[in-house]
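Residue-level listing of the chains:
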Amino acid sequence: LGAKDFELNIQKTEMEWQQQATPIECQIRDYTRKGMHALHMLQLEDAKSAFDVVYELKPNAYCWHAGVVEFYLGDYEAGARRLQQ
């Protein structure tokens, strides 16, 4: 009753976020994107390097993809720890 849908405007939401985000948050976003791109390209060492920076900037970051990268690189224990975070 009385509920309505709100317009979905991804570009507006992204712009609003960028305006309020701190420089560190922007770096975290950028390195996460770099890591994701590298993972999709199967450049696992590059992905690991990018995700490592994310965790340096924000140790409690939620980035389960980093665990997948660790697993594919053969470090199963590190992968498991990342996936448990």
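About the criteria used
- Residues numbered from 1 in each chain as written.
- Predicted model: local features only at pLDDT ≥ 70, side-chain atom pairs only at ≥ 80, totals over all residues.
- Heavy atoms only, no water.
- pLDDT = per-residue confidence, 0-100.
- Helix = DSSP H or I, 4+ residues; strand = E, 2+ residues; numbered from the N terminus.
- 1 Å grid on protein atoms, 1.4 Å probe; cavity = no way out; pocket = protein on both sides within 12 Å on 5 of 7 lines; lining within 4 Å.
- Points joined across faces, edges and corners; volume = space filled by probe spheres on them.

**Overview of the confidence of the model for the protein chain**
Logical step 1: Overall, the prediction assigns the protein chain a mean pLDDT of 92, with 96% of residues at 70 or greater.
Logical step 2: Per-element confidence in the protein chain is highest for helix H3 (residues 44-57), whose mean pLDDT is 97, and lowest for helix H1 (residues 10-20), whose mean pLDDT is 88.

**Considering empty space enclosed by the protein**
Logical step 1: Here the structure, examined in full by the defined rule, presents 1 cavity of 30 Å³ or more.
Logical step 2: For the largest cavity, the calculated volume is near 40 Å³.
Logical step 3: Around the largest cavity sit Lys48, Phe51, Asp52, Ala66, Val69, Glu70 and Arg82, which together line it.
Logical step 4: When residues of the lining of the largest cavity are traced back to their parent elements, those giving at least two are H3 and helix H4 (65-72).

**Considerations on the environment of arginine 81**
Logical step 1: Note that arginine 81 resides in helix H5 (residues 76-84).
Logical step 2: Sequence-wise, arginine 81 and glutamate 70 are 11 residues apart; in three dimensions their C-alpha atoms are separated by 9.6 Å.

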